Amino acid sequence: MQISGNAGLSSTNFLQSVQWYYNDVPIAEITTFTGDLMSYSQAYTPTKSGVLKVLVTNAWGFTSQAEVRVIVDFKTPLNSNEAFVRMLYTQATGLTITEEALAEALDTIESGSDVVSARASWASSALNAAASGDIGTAMIVYRTMLGRWPNAVELIEAQAALFGATGGSSSTTGSIESSNDTETFVFNYTANDTVTVRALPDSSTGLPLTDATLTIFDPSGNQVAYNDDSYFGGSYSTNPTITFSPTQTGAYSVVVGGGSGIYTGDFTLTSVSTNLASSTVASAQALVTALQDDYAALYGSFPTNVTASDLSGSALITQLFTNKHGESPSAFNQFRLRLLLTGSQYAGDTAAFAAAFATDNSLSSYQHSSGPLSSVLSYIVPNDPSSDIPVAMALRILLDQEPSDALVSSYIGDSLESSLELMLRSEDFFGQYMLTNIGGFVASRMAALGVFDLAINTPEADADNDGESNLYELALGSNPTDSSDKVPPLTVVQDPEGADFVVSFLRLDPASAPVDLTVSINCSPDLEEWSGMDATVSSDQSNVPAGYIRYELRIQAETEPQCFIRTGVLE
């Protein structure tokens, strides 16, 4: 921005301050000026679309300002293979993918003829690899102990417990009902813990908070962290996430607000804290020990040691077997497992036995008349629940859904790849990105219409080759996959009660549109000079497609005898 003063004045005797704001939040201020420099710049990397404003105040206290709208369109897993790979890999492994592995993954996906099937093929390999590591161990032990797969928060705790860490989690809901409204929650943290706090939209009422803010204050009232947006798995998200280490033990206040002070809706707040683990080697037995209280809460008790005459050993075997396999053990399996539990191999150590039973998922070369025998405990294996781990992981990562047995079963098809394809083509996946930004919004709408090809699902692309971009058609009420369906023309009628002309047009409901999208209507007397005009919602909403609103613009014939009208879409 160029700032200039009257002739003969320099910056040192002309300017008092230069203040920079982004979405009305101060980002920089200059109050010390040297020499005759009259040009100033400010470096700033915005994390979301908004308005950049500069206020210039002169030595006499007069202020002027200038504004520019900044559009930030982050890539989402829908319109970027790189974002998809980073997101899935990070959430499946807890690690950041190397550049070499990323390049290899992109080559694999981009060499496929269909982007969804190519992504499913790569993702199946990545999830299978992750399931064979510590995450897979945590999930199968959790299922064997508690009878279900862990959700996202529980898995974080379970992974930590594999290394001897302990921690706690909490989840609560709230609502931001008006502009600048906030809700405050209190959590007790221990110094030097690792704490992750996240705010997610709650869609259960149909009014989710799609853009939240998080602020955390320590027990003394000092702000220790703030977050508006985050990068989850290398992909931009308006769901804020804060990870920090408390410096003191006590009650911390977590404040949730609406992004830019304007967003409202319901949300879910999660808090997960773990202390430092003492071990560098994952131990299934450590996780079994950490889950004993949860097991006891569900099933009455978890015996720490049993003898050959102790009937609680049989009850424990039956429950663990049912939790893992979904059915009671046969007489052979009950006899075989009880013999091992109380014999010399485990000597009644239930934690060691439960860990071995949970992780015994490979088959030996031996066969019983009723079925194959496992490789460690040599019991008859009725099914292999560990084979469902990649699907359970995918449900959590791709669809953000709790992997219940019923839901996992609904996605078990001929192969893991086919299950992943179903997820990637489902609205539960692509519908998550509708309000993130224009790129994600258009890609999501195109996916709903069956278009996943990254070459033709972008805002500027023309999927049906009718001369109108995807964004233009979606914003103004036509189908971008049907060349015979073009944007409806403006309708003009004369007001029966006066001389005014009423111009009507359809546009996307602003409530369901991304914040970066602007639909404009302009008037010109000569097709050369155009000026913006304000349209209002029409009282006639008959035959308007779902998700759209009819707007109207009134032209006064006496004051504007000739007026050309056009609509446009800006991003």
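Draft legend 1. The overall build of the chain, seen in detail. What the chain contains, in helices and strands, is 17 helices and 23 strands. In terms of overall dimensions, the chain has a C-alpha envelope of 100 × 60 × 50 Å along the principal axes. Relative to its 571 residues, the chain shows a buried fraction of 46%. Taking the contacts inside the chain whose residues are at least 6 apart along the sequence as the reference set, 65% of them involve residues at least 24 apart. Carbon and sulfur atoms make up 49% of the accessible area of the chain, which amounts to about 27100 Å² in all. When the 20 basic and 64 acidic side-chain charges of the chain are each reduced to a single mean position, those positions are 4 Å apart.

Draft legend 2. Fine view of the pairing of strand E16 (residues 371-374). As paired strands, strand E15 (residues 363-368) and E16 are joined by 3 bridges and run antiparallel to one another. Within E16, the position partnered with leucine 363 by the bridge is serine 374. Taking the residues that link successive antiparallel strands as the turn, the E15-E16 hairpin has 2 residues.

Draft legend 3. Region of interest: the packing of aromatic side chains. In this structure the tally under the stated criterion is 15 aromatic pairs. On the numbers, 5.9 Å between centres and 90° between planes, the contact of phenylalanine 185 with phenylalanine 267 is edge-to-face. You can see phenylalanine 185 sitting in strand E6 (residues 182-189) and its partner phenylalanine 267 sitting in strand E14 (residues 265-274), a full 82 residues away along the chain. Under the relative-accessibility criterion, phenylalanine 185 is labelled buried at 13%.

Draft legend 4. Structural view of a negative patch on the surface. On the surface, a cluster of negative charge is made up of Glu100, Glu104, Asp107 and Glu110. Within the secondary structure, glutamate 100 is located in helix H3 (residues 99-110). Among the residues examined, glutamate 100 registers a relative accessible area of 66% and is labelled exposed.

Draft legend 5. Region of interest: the sheet that holds strand E3 (residues 50-58). If you walk across this open sheet you meet the 4 strands as E2-E1-E3-E4, and the pairing is antiparallel. Two strands bound the open sheet, and with one partner strand each, they are strand E2 (25-30) and strand E4 (63-70). Each strand axis lies, on average, 20° off the axis of its neighbour in the sheet, ignoring direction. Relative to E2, strand E1 (residues 15-22) runs antiparallel, the two being bridged by 5 bridges. When the sheet's bridge partners are listed, glutamine 19 is paired in E2 with glutamate 29.

Draft legend 6. Examining the sheet that holds strand E17 (residues 491-494) more closely. Across the sheet, 4 strands lie side by side as E17-E18-E22-E21; this open sheet has antiparallel pairing. Strand pairing shows two members of the sheet lacking a second neighbour, E17 and strand E21 (536-537), which therefore form its edges. Bridge analysis of strand E18 (residues 501-508) against strand E22 (residues 548-555) gives 8 bridges, and the strand direction is antiparallel. Looking across to E22, one finds that leucine 506 is bridged to arginine 550.

Draft legend 7. Quick look at the environment of valine 141. When you line up the elements, valine 141 lands in helix H5 (residues 134-146). For valine 141, a relative accessible area of 0% puts it in the buried group. Sequence-wise, valine 141 and glutamate 110 are 31 residues apart; in three dimensions their C-alpha atoms are separated by 37 Å. What valine 141 contacts, discounting residues up to four positions off in sequence, is Ala284, Leu287, Val288, Leu291, Ala358 and Thr359.

Scoring rules and cut-offs
Residues numbered from 1 in each chain as written. Predicted model: local features only at pLDDT ≥ 70, side-chain atom pairs only at ≥ 80, totals over all residues. Heavy atoms only, no water. Helix = DSSP H or I, 4+ residues; strand = E, 2+ residues; numbered from the N terminus. Buried < 20%, exposed > 50% of the residue type's maximum accessible area, 1.4 Å probe, protein only. Contact = heavy atoms within 4.5 Å. Areas by Shrake-Rupley, 256 points an atom, 1.4 Å probe, with all protein chains shown as cover. Lys, Arg positive; Asp, Glu negative; His and termini not counted. Charge placed at Lys NZ, Arg CZ, Asp CG, Glu CD. Pairing = 2+ DSSP bridges. Phe/Tyr/Trp six-rings, centres within 6.5 Å; stacked < 30°, edge-to-face > 60°. Patch = residues over 30% accessible without salt bridge, like charges linked within 9 Å, V, L, I, M, F, W, Y side chains within 5 Å. Salt bridge = Lys/Arg side-chain N within 4 Å of Asp/Glu carboxyl O. Axes fitted to C-alpha atoms, helices over the stretch in contact; angles between N-to-C directions.

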